[in-house]
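# Observations on the three-dimensional arrangement
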Amino acid sequence: MLAIVFLLLIAIPLIELAIIVRVADQIGVLETIALLIAVSVAGAWLLKQQGMATWARLQRSLAEGRVPHQEVVDGAMILFGGALLLTPGFLTDVFGLILLFPVTRAALKGAFRRLFAGWAARRFVPPGSRAAYRSATVIRSHQRERDANPPASPPAEPPRLQPDEGDSPDRG
């Protein structure tokens, strides 16, 4: 994993530099710089709009007593998209904007959750317990479905057992 991160830290700036040079050859150096600045300004505006909207949804969820898991995932993706927009270059700007637009962010949310769940399982769950972790995750998802669709009437309380006349509750 560390090797992949290291390679990305080397490869991405080189790819960005190659793209910037090609765009500058096609449209000119000043125009390329202006385009990079314009995308950064537009991205900062979009980052603020999406961040504030997600913050408002998060506060609303908390006020309603719900766990804001969707809003937290959106917030993480918006934060990562904003960081990509701060990195100069066209490639990172494209990926940053993909994470900022609600439609594309929603399409990537499932993949993001699976990636994060896999990372968390590898990082925090001992190797012998991973099968139990997966089954517990499945159980929790079934519980969420059950909680989302509660039965029409509350379940009946089980009958209480009464001790026989000859039995004493104090005896073991």
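Structure: see above.
Residues numbered from 1 in each chain as written. Predicted model: local features only at pLDDT ≥ 70, side-chain atom pairs only at ≥ 80, totals over all residues. Heavy atoms only, no water.

## Observations regarding the overall build of the protein chain
In terms of regular secondary structure, the protein chain is built from six helices and zero strands. Sequence separation of 24 or more characterises 52% of the internal contacts of the protein chain that already satisfy a separation of 6 or more. In the form shown here, the protein chain has an accessible surface area of approximately 13,300 Å², with 69% of it arising from carbon and sulfur atoms. (Helix = DSSP H or I, 4+ residues; strand = E, 2+ residues; numbered from the N terminus. Contact = heavy atoms within 4.5 Å. Areas by Shrake-Rupley, 256 points an atom, 1.4 Å probe, with all protein chains shown as cover.)

## Remarks on the pattern of salt bridges
With the rule as written, the count across this model stands at four salt bridges. Between Glu-64 and Arg-66 there is a salt bridge whose closest N-O contact spans 3.0 Å. Asp-74 serves as the salt-bridge partner of Lys-109, at 2.8 Å between the closest nitrogen and oxygen. Of this pair, Lys-109 sits in helix H5 (residues 102-124) while Asp-74 sits in helix H3 (residues 69-86), placing them 35 residues apart in sequence. Like Asp-74, Lys-109 is buried. Connected through salt bridges with shared partners, the residues Arg-57, Asp-74, Arg-105 and Lys-109 form a single ionic network. (Salt bridge = Lys/Arg side-chain N within 4 Å of Asp/Glu carboxyl O. Buried < 20%, exposed > 50% of the residue type's maximum accessible area, 1.4 Å probe, protein only.)

## Observations concerning the packing of helix H4 (residues 90-100) against H5
The contact between H4 and H5 brings their axes to 5 Å, and the two run at 85°. The orientation of H4 relative to H5 falls into the category roughly perpendicular. The residues of H5 that touch H4, namely those facing Leu-97, Ile-98, Leu-99 and Leu-100, are Pro-102, Thr-104, Arg-105 and Leu-108. For the contact of H4 with H5, the class distribution of residues is six nonpolar, one polar and one charged. (Axes fitted to C-alpha atoms, helices over the stretch in contact; angles between N-to-C directions. Parallel < 35°, antiparallel > 145°, perpendicular 65-115°, else oblique. Nonpolar A, V, L, I, M, F, W, Y, C, P; charged D, E, K, R; others polar.)

## Side note on a nonpolar patch on the surface
Among the surface-exposed residues, Val-29, Leu-30, Ile-33, Ile-37 and Val-41 lie close enough to one another that they form a single nonpolar patch of about 510 Å² accessible area. Tracing the chain through its elements places Val-41 in helix H2 (residues 29-63). Exposure remark for Val-41: the relative accessible area of 55% places this residue in the exposed category. (Patch = residues over 30% accessible without salt bridge, like charges linked within 9 Å, V, L, I, M, F, W, Y side chains within 5 Å.)

## Regarding the packing of aromatic side chains
Under the defined criterion, the tally for this structure stands at one aromatic pair. Centroid distance Trp-119 to Phe-124: 5.7 Å. Interplanar angle 90°. Geometry classified as edge-to-face. Here Phe-124 falls in the exposed class, since its relative accessible area comes to 56%. (Phe/Tyr/Trp six-rings, centres within 6.5 Å; stacked < 30°, edge-to-face > 60°.)

## Regarding the packing of helix H1 (residues 2-27) against H2
For any two helices packed against each other, one specifies the crossing angle of their axes together with the interaxial distance. At a closest axis distance of 7 Å, the pairing of H1 and H2 adopts a crossing angle of 125°. Judged on the interaxial angle alone, H2 and H1 are oblique. Judged by the sense of rotation from one axis to the other, the crossing of H1 with H2 is right-handed. For the pair formed by H1 and H2, the contact residues are Ile-20, Val-23, Ala-24 and Ile-27 on the first element and Val-29, Glu-31, Thr-32, Leu-35 and Leu-36 on the second. Of the residues assigned to the contact of H1 with H2, the class counts are seven nonpolar, one polar and one charged. (Left-handed = near helix turned anticlockwise from the far one by under 90°.)

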